[in-house]
Amino acid sequence: METKGLTAKRIEEFEAKKGSLLEMGGAALIQKQHDSGKLTARERVQAFFDEGTFQEVQLFVKHRSTLFGLDKKEIKGDGVITGFGKVNGRDVFVASQDFTSAGGSLGEMHAKKIWKVMDMALDARKPFVSFNDSGGARIQEGIPALDGYGGIFYRNTMASGYIPQITAIMGPTAGGAVYSPALTDWVFMVKNTSYMYITGPEVIKAVIGEEVSHEELGGAIAHATKSGVCHFATENDTDCLEKIKTLLSFLPDSCHSPLPTMKTNDSVLRQCPELDTIIPDKSSRGYDMRKVVEAIADDGCVWECHELWARNIIVAFIRINGSPVGVIANNPKFGAGVLDVNASDKASRFIRFCDAFNIPIVTFADVPGYMPGTQQEWSGIISHGAKLLHAYSEATVPKITVVTRKDYGGAYIGMCSKYLGADYVMAWPSAEIAVMGAEGACNIIYRKEIASAANPEAQRAELIAAYEAQFNNPYFAANMGIIEEILAPRETRMRLAVLLDVYKNKTVKKLKKKHNNIPL
Ligand code: HXC
């Protein structure tokens, strides 16, 4: 009978140990995970990476806590799968929490596995993605678990602006655990199977007597529509993973890496005749700015972020001539495209992301002003609006602004006007660049004349017409050199393509200092 050599035996033993670890929490808990509509941590990793490219790191790590019976409890992989692999041929690092192993709870060693892959991602200058599905800090372990989160938050912060960081909430995320997602650039959530909150329904009921379900309080739709914490609400785990891959296709590996380009047959010389008729005859009527963004994008492909929150402004990635561009656009279809607290926050964070990763910015302005009212004032529209000014001003990437229609008052400045730092401003013939709308303006500056006129309404109409003739067009601004160019809407894509190309090597000298103090 053939006997096995020592190495062969060791290999067999190793394979058995490895096989056992790969089984995670076992068949029953895997079934429970499936029954609740979720993939397992390992299935998520397999579905995410290009076939056969995932390389697991620190599979054999074990917890070392002996408290509250943990000395007798094996937690496979300590409840998290970590490693790296290729997504559409590009390297990405991952941590995928395994709910079948002690509820994916985060103990000291679980955290250290995540630290390791985050450190690797930073050193390798590659994106880091986290699939969260966890009961939170491992209660039996105590403070080392909390410190585990501390180390993750610290790394999230150090990595900010250096490598893209994406979190997918694919199960529970409660308490302080929510702060790692919030520190990353993009948060995806899966509808009906994921939730995140600082304090759950039970605590809320006990402390303030309010009754609310998990989903209503912290589900994907709540965070995608109400709080803005979630950028992408997805249908299920598979949809979530596919959408993360799409987002990654727009992002460079790091702030020092080139932008990823994609081949297109969509000519940069393509005209967009549909844009010549998109502005309604009546200036008070809305239209869908998303159609403008679609028209100018390569192949009409728009990757809108934060789609369900602050819909009065669009933030989206597109490509022009195959290269990624960040678009910020007021949307008159919702709330007349007004700037409010949420729209300012949404746009500011997007601008800073684009700037950090060298993605040029195109702004489409059609904005009647800042939203008036006590609710906005007391919510701090002053400081939130200031964020937008700060974000645009400090951004050094190419910044091109297109004024499609209204561009009034402080909001005109806020939507990347020339003196806020736009490199090049263009306006459609329908542009109205003014301190405010003609009617409001005349009611203020001609109050006495209108009141004392024999026919006040006729007088008001005449004065409004005169004000409109002066300002409700792009010519006054063009005469003053405040805008560089007036163009027919159909030419917008062509002109943007030329300008983005001409500015692609833009460099800006910055003052030597530690960092700006953005009005957070
Ligand atoms: C240790 C945990 C755990 C945790 C879950 N488990 N959460 N173990 N620490 N935080 C274990 C359970 O004991 C169970 O183990 C297994 O995971 C699955 O959990 P179930 O309760 O059976 O699952 P389910 O019914 O689906 O409920 C999921 C849950 C619930 C809603 C997440 O487990 C839960 O409420 N957990 C506690 C959540 C929480 O309060 N976390 C906050 C911790 S403090 P067995 O062995 O029975 O299979 C915190 C602060 C972080 O996170 C601060 C950072 C700065």
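Each remark here, short or long, concerns the structure printed above.
One structure accompanies this document, and this report is about it.

Cut-offs applied
- Residues numbered from 1 in each chain as written.
- Predicted model: local features only at pLDDT ≥ 70, side-chain atom pairs only at ≥ 80, totals over all residues.
- Heavy atoms only, no water.
- Buried < 20%, exposed > 50% of the residue type's maximum accessible area, 1.4 Å probe, protein only.
- Helix = DSSP H or I, 4+ residues; strand = E, 2+ residues; numbered from the N terminus.
- Right-handed = clockwise from strand over helix to strand, strands pointing away.
- Pairing = 2+ DSSP bridges.
- Core = buried A, V, L, I, M, F, W, Y, C linked by side-chain atoms within 4.5 Å.
- Phe/Tyr/Trp six-rings, centres within 6.5 Å; stacked < 30°, edge-to-face > 60°.
- Lys NZ or Arg CZ within 6 Å of the ring centre and 35° of its normal.
- Axes fitted to C-alpha atoms, helices over the stretch in contact; angles between N-to-C directions.

## Describing the pairing of strand β13 (residues 361-367)
Burial analysis of β13 places seven of its seven residues in the buried class, the great majority of the element. Burial along β13 is two-sided: the residues Ile-361, Thr-363, Ala-365 and Val-367 and Val-362, Phe-364 and Asp-366 are all buried. Between the parallel elements strand β12 (residues 323-330) and β13, the chain passes through helix α12 (residues 341-356) in a crossover that is right-handed. In this sheet, strand β14 (residues 399-408) lies alongside β13 in parallel orientation, the contact comprising six bridges. Looking across to β14, one finds that Phe-364 is bridged to Val-402.

## Some points on the nonpolar core
Core analysis: the largest hydrophobic core is formed by 63 residues, its most contacted members being Phe-48, Phe-131, Trp-186, Ile-244, Phe-317 and Ile-328. Counting residues per element, this core draws most heavily on α12, which supplies six residues. Listed in part, the 31 residues of the second largest apolar core include Ile-278, Ile-314, Val-327 and Ala-497.

## Looking at the packing of aromatic side chains
Tallying each qualifying case throughout the model produces 19 aromatic pairs. Each residue in the set Trp-186, Phe-188, Phe-232, Phe-250, Trp-303, Phe-317, Phe-350, Phe-353 and Phe-357 is aromatic and connected to the rest through ring pairs, giving one cluster. Directly above the aromatic system of Phe-99 lies the positively charged group of Lys-38, at a separation of 4.5 Å from the ring centroid. When the ring centre of Phe-250 is taken as origin, the NZ or CZ atom of Arg-319, which lies over that ring, is 4.0 Å away.

## Concerning the sheet that holds strand β5 (residues 165-169)
The mixed open sheet is built from seven strands, whose spatial order is β1-β2-β3-β4-β5-β7-β9. Each of the sheet's edge strands pairs with one partner strand only, and the pair in question is β1 (55-57) and β9 (232-234). Strand-to-strand twist across the sheet, computed as the mean angle between neighbouring axes with direction ignored, equals 20 degrees. In terms of strand pairing, β5 meets strand β7 (residues 186-190) through four bridges, oriented parallel.

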